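Observations on chain architecture
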Amino acid sequence: MTVTEIEVRRAFARRAPAAHGLTRAAPQVVAVCREMAARFAHGGKLIVFGNGESGTDASHVAVEFMHPVVVGKRALPALALGNDSATLSGVGACEGFAEVFAHPLRAFADAGDIALALTPDGRCANVRRGLAAARERGLLTVVLSGGDPADAPPADHTLTVGSADPLIVKEVQVTIYHVLWEMTHVFLEAPEDGGTCDTCADRARPMRVRQLLPDGLALAAPEVDDDGAPQEISVALVDATVGRTVLVHGGEAIAMVTNDRSDR
């Protein structure tokens, strides 16, 4: 094995624990997306912020929601606070850099909005104050952080990348916010009444779990035909149990459904 091959293997090995951590956080990611979709469905907007490279990621997130590159996806209202350099520099000069996100959030954020913060280690004072201001106004608060989870700012949902390497944190955070975008659209396009997804034309279907299988799989039958032949689905994103009903989209259980009748 050459030196180059060894270094490549080491580079991937350093990233493996953080990537596996994201997989384990799948149920929490689903919960975030479900709540984000509910806010968007009721007219809320997404406000994203961060410093430096996290600020460029915030801009990336905003444009993904506002101008989706996938044909058929609806545009959702989103903005990145770092894009307004005049406001940031003005607030920073008069009130201090720690207030550059909190000030605009207090000025125009509504209680039905979403605040999404990105930070490499959770210790950015302006990000912490911005989230605090958002919580005071009743926004749904989500933070993508890295390093020690204890350093992450208080928020409704915290998704922490388990690495102290800022490059690895950034790489995994890019994956996280793309998943947030994709799954939020899944919930918007596939409501629990069986709506049809704009992109793949699949319908979200309630299915009753018959048997749990290894590797996050299960056998389930459609709720409308509980005596029919069971199908194999993935339940990696939900806490499924035998007898419970799950909402299935594209072969993936994306939410739990309250059963209207007693379990069989």
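Higher on the page you've got the structure.
Below, the structure is looked at part by part.

The rules behind these values
The numbers attached to residues start from 1 for each chain and follow its sequence in the written order. The predicted nature of this model means local features are confined to residues of pLDDT at least 70 and side-chain atom pairs, given and counted, to a pLDDT of 80 or more, with totals for whole chains, interfaces and linings taken over all residues. Only hydrogens and water are set aside; all other atoms, that is, all heavy atoms of the structure, feed into the side-chain values. A fitted line through C-alpha atoms serves as each axis, taken over the contacting stretch for helices, and the angle formed by two N-to-C directions is quoted from 0 to 180°. Secondary structure elements are defined from DSSP: runs of H or I of at least 4 residues count as helices, runs of E of at least 2 residues count as strands, and each element is numbered from the N terminus. When an angle is under 35 degrees it counts as roughly parallel; over 145 it counts as roughly antiparallel; between 65 and 115 it counts as roughly perpendicular; any other value is oblique. Crossing handedness is read from the near helix: turned anticlockwise from the far helix by less than a right angle, it gives a left-handed crossing, and turned clockwise, a right-handed one. Residue contacts are defined here by distance: any two heavy atoms, one from each residue, within 4.5 Å place the two residues in contact. Each residue is assigned to one of three groups, with Ala, Val, Leu, Ile, Met, Phe, Trp, Tyr, Cys and Pro labelled nonpolar, Asp, Glu, Lys and Arg labelled charged, and all others, Gly among them, labelled polar. Should a side-chain nitrogen of Lys or Arg be within 4 Å of a carboxyl oxygen of Asp or Glu, the pair is scored as a salt bridge. A 1.4 Å probe rolled over the protein chains alone gives each residue an accessible area, and that area as a share of the maximum for its type sets the label: buried under 20%, exposed over 50%, partly exposed in between. Each helix should span, by expectation, one fewer than its residue count multiplied by 1.5 Å. As used here, the arc is the angular range of directions from the helix axis to the C-beta atoms. Aromatic contacts are taken between Phe, Tyr and Trp rings whose centres are within 6.5 Å, Trp giving its six-membered ring; a plane angle under 30 degrees counts as stacked, one over 60 as edge-to-face, and the others as tilted. A cavity, in this analysis, means grid points on a 1 Å lattice covering only the protein atoms where a 1.4 Å probe fits yet has no way out; a pocket is instead an open set bounded by protein on both sides within 12 Å along at least five of seven lines, and a residue lines either one if it has an atom within 4 Å of a point. Grid points are joined across faces, edges and corners, and a volume is the space filled by probe spheres set on the points. One bridge is not enough; two strands pair if DSSP finds at least two bridges between them. Residues enter a nonpolar core if they are buried and are Ala, Val, Leu, Ile, Met, Phe, Trp, Tyr or Cys, with the set joined through side-chain atoms within 4.5 Å.

Description of the packing of helix 2 (residues 26-41) against helix 7 (residues 166-189)
At a minimum axis separation of 8 Å, helix 2 and helix 7 run at an interaxial angle of 60°. Viewed along their axes, helix 2 and helix 7 adopt a mutual orientation that is oblique. In the crossing of helix 2 with helix 7, the sense of the turn from one axis to the other is right-handed. Judged by residue contacts, V29, V30, V32, C33, R34, M36, A37, F40 and A41 of helix 2 engage V179, L180, M183, T184, F187 and L188 from helix 7. Within the contact of helix 2 with helix 7, the residues separate by chemical class into 13 nonpolar, one polar and one charged.

Observations concerning the pattern of salt bridges
Going through the model one piece at a time under the given rule, you end up with nine salt bridges. Notably, a salt bridge pairs R106 with E99, separated by 3.1 Å at the nearest N-O pair. Residue class for E99 comes out buried when judged on its relative accessible area of 11%. Overlapping salt bridges, with partners in common, bring together K45, D110 and D113 in one network.

Quick look at helix 6 (residues 125-136)
For helix 6, spanning 12 residues, the distance from its first C-alpha to its last is 17 Å, which sits close to the expected 16 Å at 1.5 Å a residue. Turning to helix 6, its buried residues number three or more, namely N126, V127, G130, L131, A133 and A134. All buried residues of helix 6 project into a common sector of 160° when viewed along the axis, lining one side. Looking at the buried residues of helix 6, the elements they touch are strand 1 (46-49), helix 5 (102-108), strand 3 (114-118) and strand 4 (140-146). Phi for G138, located one or two positions after helix 6, is positive at around 90°.

Thoughts on the packing of aromatic side chains
Under the counting rule described, the total for this entry stands at two aromatic pairs. With centroids separated by 5.6 Å and ring planes inclined at 25°, the aromatic side chains of F40 and F65 adopt a geometry described as stacked. Note that F40 is positioned in helix 2 and F65 in helix 3 (residues 52-66), a separation of 25 residues in sequence. Accessibility assignment for this pair places F40 and F65 in one class, buried. Aromatic side chains F49 and F101 sit 5.1 Å apart centroid to centroid with 40° between the ring planes, which places their arrangement in the tilted category. Taken as a pair, F49 in strand 1 and F101 in the loop between helix 4 (85-95) and helix 5 lie far apart in primary sequence, 52 residues in all.

Structural notes on the layout of surface pockets
Of the pockets and cavities examined, the largest pocket occupies roughly 260 Å³. Lining the largest pocket are L22, T23, A26, V29, V30, V179, E182, M183, A236 and L237. Among the secondary structure elements, those contributing two or more residues to the lining of the largest pocket are helix 1 (3-24), helix 2 and helix 7. Classifying every residue of the lining of the largest pocket by side-chain character gives eight nonpolar, one polar and one charged.

Regarding the sheet that holds strand 2 (residues 78-80)
One open sheet holds the five strands; their spatial order is 2-1-3-4-5, and the pairing between them is parallel. In this open sheet, the two strands that pair with only one neighbour each are strand 2 and strand 5 (157-161). Averaged over all pairs of adjacent strands, the angle between their axes in this sheet comes to 15°, without regard to strand direction. In the sheet, strand 3 pairs with strand 4 via five bridges, with the strands oriented parallel. Within strand 4, the residue paired with L118 across the bridge is L144. Sheet strands in contact with helix 7 are strand 3, strand 4 and strand 5, and its direction is about 150° off that of strand 4.

Structural notes on the pairing of strand 10 (residues 252-257)
The two faces of the sheet receive side chains in turn, since in a regular strand these alternate between them. Bridge count between strand 9 (residues 245-249) and strand 10: five bridges; the pairing is antiparallel. Among the inter-strand pairings, L247 is bridged to a residue of strand 10, identified as A255. Taking the residues between adjacent antiparallel strands as the criterion, strand 9 and strand 10 are bridged by two residues, where G250 takes a positive phi near 60°.

With respect to the nonpolar core
Counting 44 residues, the largest nonpolar core has L46 and F65 as its most contacted members. The dominant element in this core, judged by the number of residues it contributes, is helix 7, at 11 residues. Not counting residues within four places of it along the chain, the set of residues in contact with F65 comprises M36, F40, L46, R74, A75, L76, A78, L180, W181 and T184. In terms of nonpolar packing, the next biggest core, distinct from the first, is built from 18 residues, F49, V100, C124 and L131 among them.

A look at the side chain of S145
By secondary structure assignment, the location of S145 is in strand 4. A relative accessible area of 0% places S145 in the buried class. Leave out the neighbours within four places in its chain, and S145 touches T119, P120, D121, G122, A152, L159, T160, V161, V169 and Q173.

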